[in-house]
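Residue-level structure breakdown
Read off the chains here:
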Amino acid sequence: MPATVGRRVDRLAPVRRVTRGIDRRTVVRTGIVAAVAYAAWLAIGVFGRPYNFFDMKIYHGAVVWWASGHELYEFIAPGTTLGFTYPPFAGLVMLPMAHLPVQAAGLVNALGSLAALAVVLAGLLRPIVDRLGWPLWYTVAIAVPLAAAIEPVRETLGYGQVNVLLFALVMADLIGLRWRSRRGTHTADGDGALLRFVYSGAWAGAGIGLATAVKLTPALFIGYLMITRQWRAAATAVGTAIGVTVGTVAIVGTESRAYWGSVLWQTERVGAADMTPNQSLAGLLARLYDSIETPGLLWLAFAVLMLALGLSRAANAHADGDELTAFTLVGLTANVISPISWTHHLVWVIPAIIVLADAAVRRREASRGLNQRAAQASSYGGPPGVNGLRPPIWYPTLTGLRHGVAAAGLYLLFLVSPIWPYEHQLPEVSHYQDGLFGALMENSLALALIVLVAALPWRPGAEPVFYADRLGRQATLYARR
């Protein structure tokens, strides 16, 4: 008679033995991460567009053309009027991919961009998850597919663009500035010189300089560093950008003269201002006027206004100790005032969503603390609440609700990206073909950017850069009085 007769066979015993040493919570979290990644993949399929590395084919064709002995800026992609539009330093950086097939180059760019996005999100989310007590790996593992699903990132990956990599360079300087403000807290006496240099943050500004040499719009961050008197980082950024550019001139003088002498001013190489994916202020005005070209003086007036508003709000955020919001406002301002901001340029909505979500959590935590203090004061016979006023019982629930709704709404807007069902192109079809609602949808991302520049909240003391040093100096001066 078989030994198993008369007793129950546990068919899951081998699985239990394998998972016995694994934390059940880790298994659940891993399953959630897999579900989120799969949902993000489905969302890209539903809301995204057909992606075939279109821009990467232009870059790849240009560097192959260049490597074969032709002029870089004379290349025109077959079947298009498009050529290479970046500074010659970008051409040098992309030159090694001439040895790869275009599909392989696109995949390498996509994988590198996702890795850079993961590193950036880890750096941005680290102060928040440490405060909340969440596992960093779990938070980042969820945040990466969520970020990859929205319009700017999926367009960057699908078209073979470089925006996530440039975003990572700029945000690296934010982390470098953070480390500079906490000198000596990351290293020990036995650490090597290179590690001490990295954690010292002395290199902060180099990322902005490199990004500016690849694409000119990050230069606005140099202006921000000067306005906020972060002179060392500003000097590093300027020195890096100039040094790289001058070095490029020495290596490829012909291409450098062609770019700075003529290609830079040939705006028609990029595309018409009214094209739907151009979600800058210039694109918004061109579509509102139902014109291929932007009304120049009107755009200039509003662009100067948005520049002043964005930089002043960024400076105030920096002064209040929220450098992440300050950087985000500068990036959003650059998107707004640039003559051309394709949807894959709008990666600065990622930190904007993080700021709004964290602001909601902070306000909720603060309101809970207020209610607890009010209850303690009442139990000891003190006045009910602050200044004798107890917050209503619903206060913790609703506090921060508008910031949470704003974060969720902003994410959904860039996930769905409602501009594409209402895409129009002059002179064939008017931008008012689908009425006022269609015009609103076609410009929805540009309008969201403008609202963010004007109203994105900052969180005092949340992401200090030199903030702690400034408080320490103030305390020292106060003690000497």
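Numbers given for residues are sequential positions, taken from 1 along each chain in its written order. Where local features are concerned, this predicted model is filtered to residues with pLDDT of at least 70; where side-chain atom pairs are given and counted, the filter is 80 or more; whole-chain, interface and lining totals use all residues. Remark: hydrogens and water are excluded; side-chain values derive from all non-hydrogen atoms of the structure.

Two rings from Phe, Tyr or Trp (for Trp, the six-membered ring) form a pair when their centres are within 6.5 Å of each other. A pair whose planes differ by under 30 degrees is stacked, one over 60 is edge-to-face, and the rest are tilted. According to the stated counting rule, one finds 15 aromatic pairs in the structure shown. A ring pair is formed by phenylalanine 221 and phenylalanine 327, whose centres lie 5.5 Å apart and whose planes are at 45°; its orientation type is tilted. With phenylalanine 221 in helix 11 (residues 219-227) and phenylalanine 327 in helix 16 (residues 323-337), this pair connects stretches of sequence that are 106 residues apart. Under the scheme applied here, a residue whose accessible area is under 20% of the maximum for its type counts as buried, over 50% as exposed, and between as partly exposed, the area being computed with a 1.4 Å probe on protein chains only. Classification of phenylalanine 221 as buried rests on a relative accessible area of 3%. A helix here means a DSSP run of H or I that spans at least four residues, while a strand means a run of E at least two residues long, and both kinds are numbered starting from the N terminus.

Here, axes are lines fitted to C-alpha atoms. For helices the fit covers the stretch in contact, and angles between N-to-C directions go from 0 to 180 degrees. It is at 8 Å that the axes of helix 15 (residues 296-319) and helix 16 come closest, and there the two elements cross at 175°. By the angle class used here, helix 15 and helix 16 are roughly antiparallel. Taking contact as the criterion, the partners of Trp299, Ala303, Met306, Leu307, Gly310, Leu311, Arg313, Ala314, Ala317 and His318 in helix 15 are, on helix 16, Glu323, Thr325, Ala326, Leu329, Val330, Thr333, Val336 and Ile337. Put simply, Ala, Val, Leu, Ile, Met, Phe, Trp, Tyr, Cys and Pro go in the nonpolar bin, Asp, Glu, Lys and Arg in the charged bin, and everything else, Gly too, in the polar bin. The class makeup of the residues in the contact of helix 15 with helix 16 is 12 nonpolar, four polar and two charged. Angular relationships are summarised with four words: roughly parallel below 35 degrees, roughly antiparallel beyond 145, roughly perpendicular across 65 to 115, and oblique for the angles in between. For this analysis, residues touch if any pair of their heavy atoms sits within 4.5 Å.

We now examine the confidence of the model for the protein. A residue's pLDDT is the predictor's confidence in that residue, given on a scale from 0 to 100. With 83% of its residues at a pLDDT of at least 70, the protein reaches an overall mean of 86. Considering only residues more than four positions removed or in separate chains, one finds that residues 471-481, a stretch of pLDDT under 50, has zero contacts.

By definition here, a salt bridge exists when the distance from a side-chain nitrogen of Lys or Arg to a carboxyl oxygen of Asp or Glu is within 4 Å. If you walk through the whole model with that rule in mind, you get seven salt bridges. In this structure, the salt-bridge partner of arginine 49 is glutamate 155, at a minimum N-O distance of 2.9 Å. Residue arginine 49 is located in the loop between helix 2 (24-47) and helix 3 (54-67), and its partner glutamate 155 is located in helix 7 (residues 151-159); the two are separated by 106 residues in the primary sequence. Residue classification places arginine 49 among the partly exposed residues on the basis of a relative accessible area of 26%. With its nearest N and O atoms 2.7 Å apart, the salt bridge here joins arginine 459 to aspartate 322. Of the two residues, arginine 459 is situated in the loop between helix 21 (444-455) and helix 22 (467-480) and aspartate 322 in the loop between helix 15 and helix 16; the sequence distance between them amounts to 137 residues. Under the relative-accessibility criterion, arginine 459 is labelled buried at 4%. Overlapping salt bridges bring together Arg131, Asp322, Asp358, Arg362 and Arg459 as one network.

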